[in-house]
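# Per-entry structural report
Here's the letter readout for the chains.
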Amino acid sequence: MNIILLIGGLLLILLGANGLTDGAASVAKRFRIPGIVIGLTIVAFGTSAPELTVSVSSALKGSADISIGNVVGSNIFNTLMIVGCTALFAPIVITKDTLQKEIPLCILSSIVLLICANDIFLDGSKENILSTTDGLLLLCFFAIFMSYTFAIASRGSENADGNVEEIKQFPMWKSALYIIGGLGALITGGNFFVDGATGIARSLGISESVIGLTLVAGGTSLPELATSIVAALKKNPEIAIGNVIGSNLFNIFFVLGCSASITPLRLAGISNMDLWVLAGSGILLWLFGLFFAKRTITRIEGSIMVLCYIIYTAVLIYQS
């Protein structure tokens with residue numbers, strides 16, 4: 001049964017990613033909204049819905065390891081595996097604004113989480129907890145991020161993508177149907193995949209924190225992976241990179257912000273190594289975009305990122 005859920009979830013995720021990308025790109029073209037804004041909002045929020053569902057429900061059920069591990073693991077998976085795999089299919093061109101503003105904001109979110117999650121080291125507390133105050137602080141950062149995103153949208157006509165003529169434009173009802181149907185398929189597929197993967201992992205005796213950092217994180221990030229690869233293949237690199245950055249910011253500022261605001265989250269199974277890998281993955285993406293191949297993530301750089309994720313996962317499994 002778990003294998004059926006796994007395969008069925010994958011099929012729904014792939015189908016949903018295709019529909020969501022087409023619908024979102026059509027809306028962007030119709031209203032002359034930059035692809036990066038669509039990626040940072042509609043696509044990123046939609047593909048992060050599985051993380052929100054899993055983290056909030058885990059927090060309410062008292063499974064903080066899965067709740068936090070899901071977000072930290074998803075963001076590491078997004079930055080290393082998704083950007084890496086997408087670059088293997090088609091090199092990703094990063095705009096100057098993304099390199100100077102969005103990616104540094106993504107790194108900042110990781111550093112904010114690292115600070116909030118180090119109560120033992122910074123305050124001499126007995127345990128590391130994401131408190132209600134930390135949750136509200138993260139939600140404040142989310143509000144700032146949304147303000148910035150809407151500021152980009154306000155000058156959309158000036159910065160509309162040059163390749164906009166390559167995007168198919170559907171009637172509004174059809175675009176909405178593609179977006180809603182795609183999101184529905186992504187969320188349902190993500191849930192099926194997580195249920196199947198978690199069932200298999202627990203039958204093999206893998207710990208809850210490792211399940212959260214790897215299988216649940218990878219499963220809930222499959223919508224981002226599918227959406228980014230499809231967007232890159234359809235010559236919409238801004239949606240691909242915006243999707244990853246938007247999802248990472250949404251996961252830390254909104255998903256963890258909401259979860260910690262509902263109930264304090266204890267970081268029992270999440271180590272500083274995981275948080276440093278999260279911050280380091282964002283810095284690696286920024287360095288690759290800044291110093292090599294004129295703001296393009298090449299196939300070689302993509303391979304390095306995928307290899308880094310494989311090494312990190314191997315270390316996690318070895319330590320468990």
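For the structure, see preceding data.
What counts and how
- Residues numbered from 1 in each chain as written.
- Predicted model: local features only at pLDDT ≥ 70, side-chain atom pairs only at ≥ 80, totals over all residues.
- Heavy atoms only, no water.
- Helix = DSSP H or I, 4+ residues; strand = E, 2+ residues; numbered from the N terminus.
- Buried < 20%, exposed > 50% of the residue type's maximum accessible area, 1.4 Å probe, protein only.
- Contact = heavy atoms within 4.5 Å.
- Areas by Shrake-Rupley, 256 points an atom, 1.4 Å probe, with all protein chains shown as cover.
- Patch = residues over 30% accessible without salt bridge, like charges linked within 9 Å, V, L, I, M, F, W, Y side chains within 5 Å.
- Salt bridge = Lys/Arg side-chain N within 4 Å of Asp/Glu carboxyl O.
- Expected span 1.5 Å × (residues − 1).
- Phe/Tyr/Trp six-rings, centres within 6.5 Å; stacked < 30°, edge-to-face > 60°.
- Arc of directions from axis to C-beta.

### Some thoughts on the overall build of the protein
Secondary structure assignment for the protein yields 12 helices and 4 strands. By residue count, 55% of the 320 residues in the protein fall in the buried class. Considering only intrachain contacts with a sequence separation of at least 6, the fraction spanning at least 24 residues in the protein is 85%. For the protein, the exposed surface amounts to about 13,300 Å²; the carbon and sulfur share of it is 69%.

### Some details on a nonpolar patch on the surface
Among the surface-exposed residues, Ile111, Ile115, Phe121 and Leu122 lie close enough to one another that they form a single nonpolar patch of about 430 Å² accessible area. Elements supplying a minimum of two residues to the nonpolar patch: helix 5 (96-116) and helix 6 (119-123). Mapped onto the elements of the fold, Leu122 is located in helix 6. Judged by its relative accessible area of 47%, Leu122 falls in the partly exposed class.

### Thoughts on helix 11 (residues 272-291)
Compared with the 28 Å implied by 1.5 Å per residue over 20 residues, the 28 Å span of helix 11 between its first and last C-alpha is a close match. For helix 11, the set of buried residues is Asp274, Leu275, Leu278, Ala279, Ser281, Gly282, Leu285, Phe288 and Gly289.

### Here's the deal with the packing of aromatic side chains
Within this structure, the stated rule accounts for 8 aromatic pairs. Plain terms: the ring middles of Phe170 and Tyr178 are 5.0 Å apart, the flat faces sit at 45° to each other, and that makes the pair tilted. With relative accessibility at 27%, the residue Tyr178 sits in the partly exposed group. One aromatic cluster in this structure is built from Phe142, Phe145, Phe250 and Phe254.

### Brief notes about helix 12 (residues 299-319)
The terminal C-alpha atoms of helix 12 lie 30 Å apart, and with 21 residues this matches the ideal 30 Å at 1.5 Å per residue to within 8%. Within the span of helix 12, buried status applies to Glu301, Gly302, Met305, Val306, Tyr309, Tyr312, Thr313 and Leu316. In a view along the axis of helix 12, the buried residues occupy a sector of 140°, so they form one face of it. Residues of helix 12 that are exposed and point more than 90 degrees away from the buried face comprise Ile300 and Tyr318.

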